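Structure assessment
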2 protein chains.
Amino acid sequence: MRVLLTIEYNGRNYAGWQRQENALAVQQVLEDALEKMLQQKIVLCASGRTDAGVHAVGQKAHFDYEGTFPLDRIPVASQTILPDDIAILDAVEVSPELHAQYSAKKKTYRYSMYLSRENHPYLNATHAWISYDESYFDFSKMQAACKDLIGTHDFAGFANKGSHVRSTVRTVYDVHAEKNGREISVTITGNGFLYNMVRIIAGTLVYIGLGKRNMGVIKQILDTQNRNLAGKTFPPEGLCLVDVDYGELSPKKE
Amino acid sequence: MRVLLTIEYNGRNYAGWQRQENALAVQQVLEDALEKMLQQKIVLCASGRTDAGVHAVGQKAHFDYEGTFPLDRIPVASQTILPDDIAILDAVEVSPELHAQYSAKKKTYRYSMYLSRENHPYLNATHAWISYDESYFDFSKMQAACKDLIGTHDFAGFANKGSHVRSTVRTVYDVHAEKNGREISVTITGNGFLYNMVRIIAGTLVYIGLGKRNMGVIKQILDTQNRNLAGKTFPPEGLCLVDVDYGELSPKKE
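Residues numbered from 1 in each chain as written. Chains lettered and ligands numbered in written order. Predicted model: local features only at pLDDT ≥ 70, side-chain atom pairs only at ≥ 80, totals over all residues. Heavy atoms only, no water.

When you go through chain A residue by residue, the secondary structure sums to five helices and ten strands. Taken over the C-alpha trace, chain A has a radius of gyration of 19 Å; the compact-globule value for 254 residues is 18 Å, and the two agree within 12%. A principal-axis box enclosing the C-alpha atoms of chain A has dimensions of 60 × 40 × 40 Å. The 254 residues of chain A split such that 52% are buried. The contacts of chain A with a sequence gap of at least 6 include a subset with a gap of at least 24, amounting to 71%. Summing over all exposed atoms, chain A offers an accessible surface of approximately 11,700 Å²; the carbon and sulfur share of this is 46%. In chain A, 28 positive and 29 negative side-chain charges are present, and the distance between their average locations comes to 6 Å. (Helix = DSSP H or I, 4+ residues; strand = E, 2+ residues; numbered from the N terminus. Rg over C-alpha atoms; globule rule 2.2 N^0.38 Å. Buried < 20%, exposed > 50% of the residue type's maximum accessible area, 1.4 Å probe, protein only. Contact = heavy atoms within 4.5 Å. Areas by Shrake-Rupley, 256 points an atom, 1.4 Å probe, with all protein chains shown as cover. Lys, Arg positive; Asp, Glu negative; His and termini not counted. Charge placed at Lys NZ, Arg CZ, Asp CG, Glu CD.)

Right, let's talk about the domain arrangement of chain A for a bit. All names here are of chain A. The domain architecture assigned to chain A consists of domain 1 (2-103) and domain 2 (106-243). Computed over C-alpha atoms only, the centres of domain 1 and domain 2 are separated by 27 Å. The partner domain 2 presents 13 residues to the 15 residues of domain 1 that form the contact. Overall, the association of domain 1 and domain 2 removes approximately 1,000 Å² of surface from exposure, summing both partners, and the carbon and sulfur fraction of that is 55%. At the boundary of domain 1 and domain 2, one finds one salt bridge. Residue Arg199 is joined to Asp51 by a salt bridge in which the shortest nitrogen-to-oxygen separation is 3.6 Å. (Domains from an automatic or database assignment. Buried area = accessible area lost by both parts, 1.4 Å probe. Salt bridge = Lys/Arg side-chain N within 4 Å of Asp/Glu carboxyl O.)

Before going further, it helps to spend a moment on the relation of the copies chain A and chain B. For the pair of chain copies, the relating transformation is a rotation about an axis with a translation along it. Laying chain A over chain B is done by rotating through 180 degrees and shifting 0.0 Å along the axis; what remains is an RMSD of 0.0 Å. Taken together, the rotation angle and the small translation identify this as a two-fold axis. Across chain A, the rotation axis passes nearest the C-alpha of Ala125 of chain A, at a separation of 3.2 Å. (Least-squares fit on C-alpha atoms with pLDDT ≥ 70 in both.)

The subject of this paragraph is the side chain of Asp148 of chain B. Residue and element names in this part refer to chain B. Tracing the backbone through its elements, the reader meets Asp148 in the loop between helix H3 (139-146) and strand E7 (151-154). Take Asp148: its relative accessible area is 13%, and that puts it in the buried class. Residues contacting Asp148, with those up to four places away along its chain left out, are His153, Met215, Ile218, Lys219 and Leu222.

Residues and elements named next belong to chain A. Where helix H3 (residues 139-146) contacts helix H4 (residues 197-209), the two axes come as close as 7 Å, and the packing angle between them is 135 degrees. With respect to H4, the element H3 is oriented oblique. Remark: the crossing between H3 and H4 carries right-handed chirality. Between H3, through Lys141, Met142, Ala145 and Cys146, and H4, the contact on the second element is made entirely by Leu205, Val206, Ile208 and Gly209. (Axes fitted to C-alpha atoms, helices over the stretch in contact; angles between N-to-C directions. Parallel < 35°, antiparallel > 145°, perpendicular 65-115°, else oblique. Left-handed = near helix turned anticlockwise from the far one by under 90°.)

Bringing the pairing of strand E10 (residues 239-245) of chain A into the picture now. All names here are of chain A. Here strand E3 (residues 55-64) runs beside E10; their pairing, made up of two bridges, is parallel. Residue pairing across strands places His55 opposite Cys240, the latter belonging to E10. Bridging between strand E5 (residues 106-115) and E10 involves six bridges; their strand directions are antiparallel. Each residue of the ladder has a partner; that of Thr108, found in E10, is Asp243. (Pairing = 2+ DSSP bridges.)

Here the focus is the packing of aromatic side chains. In total, this model carries 16 aromatic pairs over all chains according to the counting rule given. Between Phe137 of chain A and Phe139 of chain A, the ring centres sit 6.5 Å apart and the planes meet at 40 degrees, which makes this aromatic pair tilted. Taking relative accessible area as the criterion, Phe137 of chain A reaches 11% and is therefore assigned buried. For Phe139 of chain A, a relative accessible area of 16% puts it in the buried group. A centroid spacing of 6.3 Å and a plane angle of 55 degrees characterise the contact between Phe63 of chain B and Tyr65 of chain B, whose relative ring orientation is tilted. Given the relative accessible area of 1%, Phe63 of chain B is considered buried. Linked through ring pairs, Tyr111, Tyr132, Tyr207 and Phe234 of chain A together constitute an aromatic cluster. Lying across the ring of Tyr207 of chain A, Lys212 of chain A places its NZ or CZ 4.9 Å from the centre. Across from the ring centre of Tyr173 of chain B, 5.0 Å away, lies the NZ or CZ of Lys106 of chain B, which sits over that ring. (Phe/Tyr/Trp six-rings, centres within 6.5 Å; stacked < 30°, edge-to-face > 60°. Lys NZ or Arg CZ within 6 Å of the ring centre and 35° of its normal.)

In this assembly, 27 residues from chain A lie in contact with 27 residues from chain B. Across the interface of chain A and chain B, roughly 2,200 Å² is buried in total on both sides, 52% from carbon and sulfur atoms. Put simply, chain A and chain B have zero salt bridges between them. The interface formed by chain A and chain B includes ten residue pairs in polar contact (both at pLDDT 80 or more). Among the secondary structure elements, those contributing two or more residues to the side of chain A that touches chain B are strand E1 (2-9), E3, strand E4 (86-94) and E5 of chain A. (Polar contact = N/O pair within 3.5 Å; in protein donor to acceptor, adjacent residues only side chain to side chain.)

A separate point is H3 of chain B. Residues and elements named next belong to chain B. If you check which residues of H3 are buried, you get Phe139, Met142, Ala145 and Cys146. Projection of H3 onto a plane perpendicular to its axis shows the buried side chains occupying an angular sector of 130 degrees, all on one side. Summarising the contacts, the buried residues of H3 are in contact with strand E5 (106-115), strand E8 (169-180), strand E9 (183-190), helix H4 (197-209) and helix H5 (217-224). (Arc of directions from axis to C-beta.)

What follows is the structure in structure tokens.
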């Protein structure tokens, strides 16, 4: 049977999702724990590879399993094997047609940061420190610019080189920014994202709020695909994969 | 001159505030950084010793300084010397009568936690994991019980043995609880706190919400000083020292 896991991790101690030779990856820690529990070689296929330092509260991964271990016991049983910074939240049987990567219809990412000249250690484990003076920042500009991203566009100007994709056209369904004191977040839902796309969008929106880019720059980047017009790629520790939606193939909620 | 620092730290990698022989303390890291910057032996006196794992966003500490380094440059200049999880937010000259510990008039602590049978790694750096089923939890009971703590009482029933104090009478000015999904926090302001008092209060309030203690238990504990009636001492990683108020001696805000 095909099993779909919902996974949460704090990425700061990991070299990203994907198993690799010389650094510890989230995939490896999970596969090792599942093999110990299920007494079977496990290969996880995730919805996508998160980069080093990136977090997830709703990463999805599937594997195929023929044993008898009750799936609903996997979350609690894995707690004693997994480290404190990785957890399996849910394990359910899904259609064998569901492929964690290729069947994904929508993904939601959140970018969390704080704007301050001062380091704020209490926030650093989950927020990126963006070292600008908050008093120059106009949140309403950032908020207003979000809507220009919505729709089907060529997002090549919001991507860094690093992965080969057939098309750089993506659909963004929703973007919204929130501000709570010095903490700012951007939540974005789309049918897929190019390499570093969310981190560049976060950088561009904050640059608009700081007046380092004008209000029309997002439309300009979407028209010209000019990466140089966009803002900096913001650091990985602000990024969190929130949810992956499989449409009709999604497991039913109880 | 007497200098008052405002300090933020994430306590998870430290053996608490106080300098000690065999483990790294926040005080030592700060004193070493200040000595390097100010070229003078520095002894910090904090508002109070936070325990191992406890955080602060508004710890205060004073020291005496006779040099010429501009105080307003200390926060930024110290960033390059201090690790990512400790920061000096502010350094100002204060009256020589101000003693960071003895002049404190009010302190505010916040206890942050999440209630879930599942580990939530994204939250663990700043929140305590309280492993109970959220569906049994009645937040309105917890919220209603807060008011019973307010006032001047003998809080001996909310303290663990571990420090010698002349009196166990304290005044609590304000307590309030907040809930956002599975995240719960309790913020408490008082003229001082006994050993583990905030962590035991958090434990007792959550036990009331879970129905493991009745609504009247806080009054009972204040009447009888019976520690056994109170809830568990909740873990240190949920506790954060938010603010210390020196009344008339407080530095003026610009």
